[in-house]
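Below, each chain spelled out in residue letters.
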Amino acid sequence: MTEPRPDCRPVAVIDIGASAIRLRIAEIGADGVVRSLESLQQAVPLGKDTFTTGRIQNATIEQCVKALRDFRRIMTEYGVTREDQIRAVATSALREAENRTAVVDRLYMSTQINVEVIEGAEENRLTYIAVQEVLEQEGKRKVKDAIIVEVGGGSTELLLLQEGRITFAHSYRLGGLRMRESLETYRAPADRVRSILEQHIKRTVDQVHRITPVDRVPHLIAVSGDAQFAASLLASDWADVRVSRLESAAFTALAEKLVPLPVDDLVREYRIPYQEAETIGPGLLAYAHLARAFQVKELIVPKCSLRDGLLREMAARGAWTQEYTDQILHSALALGRKYEIDEKHAGHVAALSVQLFRELRPEHQLDQRFELLLQMAALLHEVGNFISDRSHHKHSMYIIQNSELFGLTRRDILLISLVARYHRRALPRPYHTEFQTVDRDSRIAVLKLAAILRVADALERNHLQLVRDLSFAREKNQLVMTVHGVNDLTLERLALKEKGNMFEEVYGLKPVLRAARTSREVSSGG
Amino acid sequence: MDKRAGLASSRGSGVPAAMGRTGRGGDAAPTKAGAATAQFLNRELSWLEFNARVLEEALDPGVPLLERLKFLAITGSNLDEFFMVRVGGLQQLLEQGKNTFDPAGLTTSRQLQEISRRTHQLVADQYGCLLHELDVLMKAAGIERLAASQLDPAQHEYLERTFDNEIYPVITPVAIESAAKFPLLPGLGVNLLIRLAPVRVASRRHRYAVVPIPRRLNRFITLPAKGRHTYVLLEDVITTFAHRLFPGEPLLECVPFRLTRNADMTVREDQAGDLLGQMRGVLDARKRSACVRLEVNDHITTTALRFLRTALHVREDLLYLVPGPLDLAAFSALARLPGFDDCKEQSWSPQPPPQIRPTDSMFDVLTRQDVLLYHPYDSFEPVVRLVEQAADDPDVLAIKQILYRTSANSPIVAALARAATKGKHVTVIVELKARFDEARNIDWVRALEPAGVNVIYGLARLKVHAKICIIVRREADGVRRYVHFGTGNYNEVTAGLYTDVSFLTSHEDYGADATTFFNTITGFSQPVRYKKVEAAPIGLRARLLELIESEMLRCQQGQKGHIMAKINSLVDAEIIRALYKASHAGVKIQLNVRGICCLRPGVARLSENITVTSIVDRFLEHARILYFHHGGDALVFISSADWMPRNLDRRVELLVPVEDAASRQKLIDLLHACFRDTAKARLLQPDGRYVRAEPPGSTKAFRSQAAFSDQARAAAQQAQRDRNQTFEPQRPANSSA
């Protein structure tokens, strides 16, 4: 009777922010198009707790439990029940709470919703995914140079877009609610609110401006509820568009007008929830200052949020678009340049690594994400040289670990750093603490990737990018790599002997180099 | 002007008292009295004028006899509610020492005086209508009320048996020791006050007893008679045999009386979680609340009356001496008497809407098109069908509905319970605060919960008045939501008596808005912005003001400005002021306000461009429809909200734009028809009086309700003919894609 259901997946994303928990239920069509079905939000004072006392109070936890239980009920109505249909993330307010683990566990126990506390960088990445989707639809007017800024309740995420590439990403502890709370903690008198806020914002903005690689950008893409509120007041067509462009001057004037208004007045006048009214003043002021510092002409407000990013990612089922992969690789390259790596060498090792990764797919069984991680590790394996040639693999590890790479989670970055660390010298040992902190699957992945990186690095021992044309064959327990166009492979063979042991241990194949007799015999590998 | 209108104007003499001066804020905002032009009409007096219009229908010889009786009964029950709620409320205000001014410039005590004066006139007219017109005509038609003195011996014997077997066992006389120890009688019931002679001849102290007449006894005792309906009132039967209750005592007097108690008990729900328990508390508390009206048969002696007034603490102005039977509302039972078809209206039976075939799946229909129904001309059946089909459809995931004043044996309630037992997620918001239906509400709710329906008991502090039903269904191309927005309740009985609009759609934005709205009132979510609809108490008032203002701005810029609105009540001072401003700017404003209207139309430099009509006809006008010209691209809405402060500020209401071209046109046509009515429409005059609309020249009067009924029937017949003439390809059963 019932016709077969095509692939329409109902999913839900939950965003636990500083002042509210928000749910979006959506449906992902067979074509990957996301269709929103319901949006819900409940006010929860997580930020108030964290930014004043450092921990989430029990009463607040119970409010979260209640909200998530309500959400769970609505999700069930749409058949969203399995864990793979739900993604719940929490941002700065929970991230900075001392008792975050206890909170997450309590939420899981009572609601079976697994809340993932995400880092600023991850927030940044998700925001970018959301923004990118909206901006793509702008067509010709696509913005290529801009700062993308999300002034949230507890943190500000900033991305620098140059020539359509992300060249810089950073997260700051500047947030609308955080500012509001500190004002209240110090019982700032009403007439001084404005100047205290300004000083605070100015300090952070100066710092942002100093460390961002450019002094001025034409556009500021403002992503937050506060910014959308401003757009709804300034743009007459706000209801009908997905993106609004606002002149800096008008935006600043509005911010100046709203900052001194008491929260109660905002609620009454604009019919918005209290928790939103609390952050509007500081939030808009922060954008206005950033706009001034970077001499921005136009603010661009897209109608999107972290939740759109989460949904878009779920729609892609974890597979990253080429554009997005390019952005990530570009951020690695930008980091590499900062540490003066040999770009040609790094790029070549990366290319060889990819070739090997693809050839060995039957053996390692790793998905495409790991190819990207390997590429990143290859690009960055020598950043440690900036500090010292001795033990540069260890320097590489901690430089990578302590960098913000756009688009990657902390865990991804940790894996990349480990792969880079094991590109030479010692194999993982029980006393290598970083290696031991990751889970078993990740450890195995690190071994598989590092083994490839070592072979690729050996093939590029002379830093001259000679080994370009490779073909592969498996003979008995050997992986025979036939090199075309190079006659003398002595140096490479020596390097392989030194570095190939890990590959043999991991894959059970001994890597062997062979020079092709004629210019070209077989072509495979790809 | 015909005879009826003459009657109306003769009663309208007291109306100028409704004049007052400018108020501020909502209807409750006090203003300083003083000499000034009155911008507002007093809402209580305006309401009484509405009841007077209903009474006109009872007096209208053009209306079939039993319909006239029905209208008379309605004026009775209307007055009962008015006294319990409005007079009760004013009385409470006064007792709390709040003798403030209303927007019309009347103090609370002045309002009570004016109400009393106008109501006394109305009551006189009610009884004039019953005793001098309807009784006479009914007797001629074969329906006759006999007084005890008119009984023949056989009838007397029959009644004696009835008294012995059915009445005597269930009545209990209560002796009254003194006026201070008067028993606590429930409001609205008929009682008999019995005065007994003093025990000793020397004593001057009369003795009294009260016989409360149980409400479950039939008020009208039918006497055996062939081809006629002869009846005696229950209180007359008891009076006839009352001596049996006091054996050996001489009865000096036996007189019926009825009291009305204040019902406006504030439910303090924010202090107690269990709303249900609290409501039961209210039902009990109502018995103890103050007396706001005493009705007594005018045969009462001054001795007995003095006693009664002392015992019940009734001021002069709250006393109504009536020359006929008490509790006219009860006569609605007589109006429904089987047979006597000559005395009743011809049936205007609800018609199947032409765009929906009887066998259609409502899901298919709504996937194809939006549907707008105007009840009761269009049948309510498609709405019921939608819920019933949802209950049985394997692809339906969830049903969410707001229920308010529904009936216990409602097929919708049954369908919801069935859906829940079939594993669908069914959420029902039940509004327990529907004033006089509380007992009924609680009963059917009890039936839903065991079936697994998630029942949510209203919202703290806010009454949910919006009518909405959402069905979430999984379909081939994804989840689709089917939504019903209504201006009336999900009650099949009232759906046959009230005019209401249903708008059914599966349009995505409406579905999203409807679920958002639902999540807000269940407390699952804070209010988030809507795409199309607007909801009270958050945005509806502002949206209305914005719509009115934008017509005004267009007018000021030389465009045409035109507003049409059909609502039940117009009280809100802020909205009225906005309408005045718009009128002043040249916007043409046509209002069709069935009941209370505090706006004063047609006043120079204030409201010269505003006309207000009111239609009182066979069906109770209940739909709320709004039209804004909007530069030619008209915006048309349906709404659950009247323009009263309580609806805009303290209730959960919806304003729903109707954008579908055919549906929108149907609403516009409907509004035009209402304003064309010259049969049952009355025009509100600047002084607060209502005057019947006259057909222009010698043309025939246009009766909008009859026209709607004819149209619906013609459309249904046409559709039937079309169907018979075409062979339709058989559609697969499940062709929603």
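The model shown is predicted, which means the values in this text are computed figures rather than measured ones.

### Focus on the overall build of chain B
- Looking only at helices and strands, one finds 19 helices and 27 strands in chain B.
- Expressed as a percentage of its 737 residues, the buried residues of chain B come to 46%.
- A separation of at least 24 residues holds for 73% of the contacts in chain B among residues at least 6 apart in sequence.

### Brief notes about the overall build of chain A
- The helix and strand inventory of chain A stands at 22 helices and 14 strands.
- In summary, chain A has a C-alpha radius of gyration of 26 Å against a globular reference of 24 Å for 526 residues, a match within 12%.
- With respect to the three principal axes, the spread of C-alpha positions in chain A is 85 × 65 × 50 Å.
- Out of the 526 residues in chain A, the part that is buried amounts to 48%.

### Description of the interface of chain A and chain B
- Taken residue by residue, the interface counts 23 residues in chain A and 19 residues in chain B.
- In terms of residue count, the dominant contributor to the side of chain A that touches chain B is strand β3 (residues 34-43) of chain A (8 residues).
- Class assignment for the residues of the side of chain A that touches chain B results in 9 nonpolar, 7 polar and 7 charged.

### Some remarks on the nonpolar core
- Formed by 352 residues in total, the largest nonpolar core has its most connected members in Leu220, Tyr287, Ala377, Val419 and Leu449 of chain A together with Leu416 and Leu570 of chain B.
- Top element by residues in this core is helix α3 (residues 65-95) of chain B. It accounts for 13 residues.
- Beyond its immediate stretch of four places on either side in the chain, Tyr287 of chain A contacts Val149, Val151, Leu220, Ala222, Ala227, Phe251 and Leu299 of chain A.

### Brief notes about the sheet that holds strand β11 (residues 298-302) of chain A
Residue and element names in this part refer to chain A.
- In space, the 6 strands of this open sheet follow the order β8-β7-β6-β9-β11-β10, with mixed pairing throughout. For this open sheet the edge positions go to β8 (165-172) and β10 (243-247), each flanked by a neighbour on one side alone. With direction set aside, neighbouring strand axes in the sheet form an average angle of 20°.
- Sheet analysis places strand β6 (residues 146-151) next to strand β9 (residues 219-222), joined by 4 bridges and oriented parallel. Looking across to β9, one finds that Ile148 is bridged to Ile221.

### Some details on the domain arrangement of chain B
- Entries for chain B in the domain assignment read domain 1 (1-141 + 332-346), domain 2 (146-269 + 293-314), domain 3 (362-532) and domain 4 (536-724).
- The gap between the C-alpha centroids of domain 2 of chain B and domain 3 of chain B is 46 Å.

### Considerations on the packing of helix α2 (residues 43-59) of chain B against helix α4 (residues 108-141) of chain B
Residue and element names in this part refer to chain B.
- Running from amino to carboxyl end, α2 crosses α4 at an angle of 5°, the nearest separation of the two axes being 10 Å. Viewed along their axes, α2 and α4 adopt a mutual orientation that is roughly parallel. Between α2 and α4, the contacting residues are Glu44, Leu45, Leu48, Asn51, Ala52, Leu55, Ala58 and Leu59 on the first element and Gln111, Glu114, Ile115, Arg118, Thr119, Leu122, Asp125, Gln126, Cys129 and Glu133 on the second.
- The residue inventory of the contact of α2 with α4, partitioned by class, reads 9 nonpolar, 4 polar and 5 charged.

### Some words on the pairing of β6 of chain A
Residues and elements named next belong to chain A.
- Counting buried positions over the 6 residues of β6 gives 6, a clear majority of the element.
- Note: β6 against strand β7 (residues 156-162), 6 bridges, orientation antiparallel. Directly across from Ile147, in β7, lies its bridge partner Leu160.
- Here β6 folds back onto β7 in antiparallel fashion, the turn holding 4 residues.

### Remarks on the domain arrangement of chain A
All names here are of chain A.
- Here the domain parsing of chain A yields domain 1 (9-118), domain 2 (121-314) and domain 3 (322-515).
- The C-alpha centroid of domain 2 is placed 23 Å from the C-alpha centroid of domain 1.
- Listed as interface residues are 24 residues of domain 1 and, on the opposing side, 21 residues of domain 2.
- Of all the secondary-structure elements, those providing two or more residues to the side of domain 1 that touches domain 2 are β1 (9-16), β2 (20-28), β3, α1 (46-53), β4 (86-90) and α3 (92-95).
- Top contributing element to the side of domain 1 that touches domain 2 by residue count: β2, with 5 residues.
- When grouped by side-chain class, the residues that make up the side of domain 1 that touches domain 2 number 12 nonpolar, 6 polar and 6 charged.

### So, α3 of chain B
All names here are of chain B.
- Between the first and last C-alpha of α3 there are 43 Å, a value that for 31 residues agrees with the 45 Å anticipated at 1.5 Å per step.
- The largest bend in α3 amounts to roughly 35° and is located at Phe83.
- Positive backbone phi, approximately 80°, marks Gly97, located one or two places after α3.

### A look at the sheet that holds strand β5 (residues 220-223) of chain B
Residue and element names in this part refer to chain B.
- As summarised here, the arrangement of the 3 strands in space is β1-β6-β5, forming an open sheet in which the pairing is mixed. Each having just a single partner strand, β1 (143-145) and β5 make up the two edges of the open sheet. On average, adjacent strands in this sheet sit at an angle of 35° to one another, irrespective of strand direction.
- Of the strand pairs in this sheet, β1 and strand β6 (residues 229-233) are connected by 3 bridges, and their pairing is parallel. Bridged to Glu144 within β6 is Thr230.

### Thoughts on the packing of α1 of chain A against helix α6 (residues 176-185) of chain A
Residues and elements named next belong to chain A.
- The interhelical angle for the contact between α1 and α6, taken along N-to-C directions, is 55°, at an axis separation of 9 Å. In terms of orientation, α1 lies oblique with respect to α6. Between α1 and α6 lies a crossing of right-handed hand. Counted together, Gly47, Lys48, Phe51 and Thr52 of α1 and Leu177, Arg178, Glu181 and Thr185 of α6 form the full contact between these two elements.
- Class assignment for the residues of the contact of α1 with α6 results in 2 nonpolar, 3 polar and 3 charged.

### Some remarks on helix α4 (residues 100-111) of chain A
Residues and elements named next belong to chain A.
- The end-to-end C-alpha distance of α4, which contains 12 residues, comes to 16 Å, matching closely the 16 Å that a straight helix rising 1.5 Å per residue would cover.
- Every buried residue belonging to α4 is among Val103, Val104, Leu107 and Thr111, and all of these are buried. Taken around the axis of α4, the buried residues stretch over an arc of 95°, which confines them to a single face. Exposed and facing more than 90 degrees away from the buried side of α4 are Thr101, Asp105 and Met109.
- Its buried side turned inward, α4 meets α2 (58-77), α3 and β5 (115-117).
- Once α4 ends, the next one or two residues include Gln112, with phi positive near 55°.

### Remarks on unusual backbone geometry
- The step from His375 of chain B to Pro376 of chain B runs through a cis peptide bond, and the omega angle for that step is 0°.
- Residue position: Pro376 of chain B is located in the loop between β10 (371-375) and α11 (381-392).
- Following Ala536 of chain B, the chain continues to Pro537 of chain B via a peptide bond in cis, the omega torsion being 5°.
- Considering the arrangement of structural elements, one finds Pro537 of chain B in the loop between β18 (534-536) and α15 (540-556).
- Unusually for a residue other than glycine, Glu340 of chain A sits at a positive phi of about 55°.
- Inspection of the secondary structure assignment puts Glu340 of chain A in the loop between α13 (322-338) and α14 (343-359).

### Some thoughts on the environment of Lys510 of chain A
- Here Lys510 of chain A is to be found in strand β14 (residues 510-515).
- Setting aside residues up to four positions removed in sequence, Lys510 of chain A forms contacts with Asn477, Gln478 and Glu504 of chain A.

### Side note on the confidence of the model for chain B
Residue and element names in this part refer to chain B.
- Averaged over every residue, the pLDDT of chain B is 85; the share at 70 or more is 87%.
- Scored below 50 in pLDDT, residues 1-37 makes 82 contacts in the model with residues more than four places away or belonging to other chains.
- When the criterion is pLDDT under 50, residues 266-279 qualifies, and its contacts beyond four places in sequence or with other chains add up to 19 contacts.
- Predicted complex, confidence summary: ipTM 0.74, pTM 0.81.

### Some points on the environment of Ser583 of chain B
Residue and element names in this part refer to chain B.
- As for its position among the elements, Ser583 is in helix α16 (residues 573-584).
- Looking at Ser583, the number of C-beta atoms within 10 Å reads 26, which means it is buried.
- Along the primary structure Ser583 and Leu72 are separated by 511 residues, whereas in three dimensions their C-alpha atoms are 37 Å apart.
- Each residue touching Ser583, except ones within four places of it in the same chain, is listed here: Ile589, Ser607, Glu608, Asn609 and Ile610.

### A few points about the confidence of the model for chain A
Residue and element names in this part refer to chain A.
- When pLDDT is averaged across chain A, the result is 88; 96% of the residues are at 70 or more.
- Within chain A, the element-level pLDDT minimum falls on α6, averaging 83, and the maximum on β4, averaging 96.
- Under a pLDDT of 50 for its full length, residues 1-5 has, in the predicted model, 4 contacts with residues more than four places off or in other chains.
- Under a pLDDT of 50 for its full length, residues 519-526 has, in the predicted model, 15 contacts with residues more than four places off or in other chains.

Each value, and the rule that gives it
- Residue indices follow the written sequence of each chain, beginning from 1 at its first position.
- Note on labels: chains are lettered from A, ligands numbered from 1, in written order.
- For a predicted model such as this one, the threshold for reporting local features is a pLDDT of at least 70, and the threshold for listing and counting side-chain atom pairs is 80 or more; totals across whole chains, interfaces and linings nevertheless cover every residue.
- Here a helix means four or more residues in a row that DSSP labels H or I, a strand means two or more in a row labelled E, and each is numbered from the N terminus.
- The burial label depends on the number of other C-beta atoms within 10 Å of a residue's C-beta. Counts of 20 or more mean buried, 12 or fewer mean exposed, and intermediate counts mean partly exposed, with C-beta atoms placed from the backbone.
- Contact between two residues is assigned whenever their backbone-derived C-beta positions fall within 7 Å.
- With the radius of gyration taken over C-alpha atoms, the globule rule is written as 2.2 Å times the number of residues to the power 0.38.
- Each residue gets one of three labels, nonpolar for Ala, Val, Leu, Ile, Met, Phe, Trp, Tyr, Cys and Pro, charged for Asp, Glu, Lys and Arg, and polar for the others, Gly among them.
- What we call a nonpolar core is a set of buried Ala, Val, Leu, Ile, Met, Phe, Trp, Tyr and Cys residues whose membership is set by joining through C-beta atoms within 7 Å.
- We treat two strands as partners when DSSP finds at least two bridges between them.
- Note on geometry: axes are C-alpha line fits, over the in-contact stretch for helices, and angles between N-to-C directions span 0 to 180 degrees.
- An automatic or database domain assignment provides the domain bounds reported here.
- If an angle is under 35 degrees, it is roughly parallel; if it is over 145, roughly antiparallel; if it lies from 65 to 115, roughly perpendicular; otherwise it is oblique.
- The span one expects for a helix is its residue count, reduced by one, times 1.5 Å.
- The angle between axes fitted to the seven residues ending at a residue and the seven residues starting there is what we call the bend at that residue.
- Helix crossings get a hand from a simple test, with the near helix turned counterclockwise from the far one by less than a right angle marking a left-handed crossing and a clockwise turn marking a right-handed one.
- Summarising the geometry, the arc corresponds to the directions from the helix axis toward the C-beta atoms.
- The score called pLDDT rates the predictor's confidence residue by residue, from a low of 0 to a high of 100.

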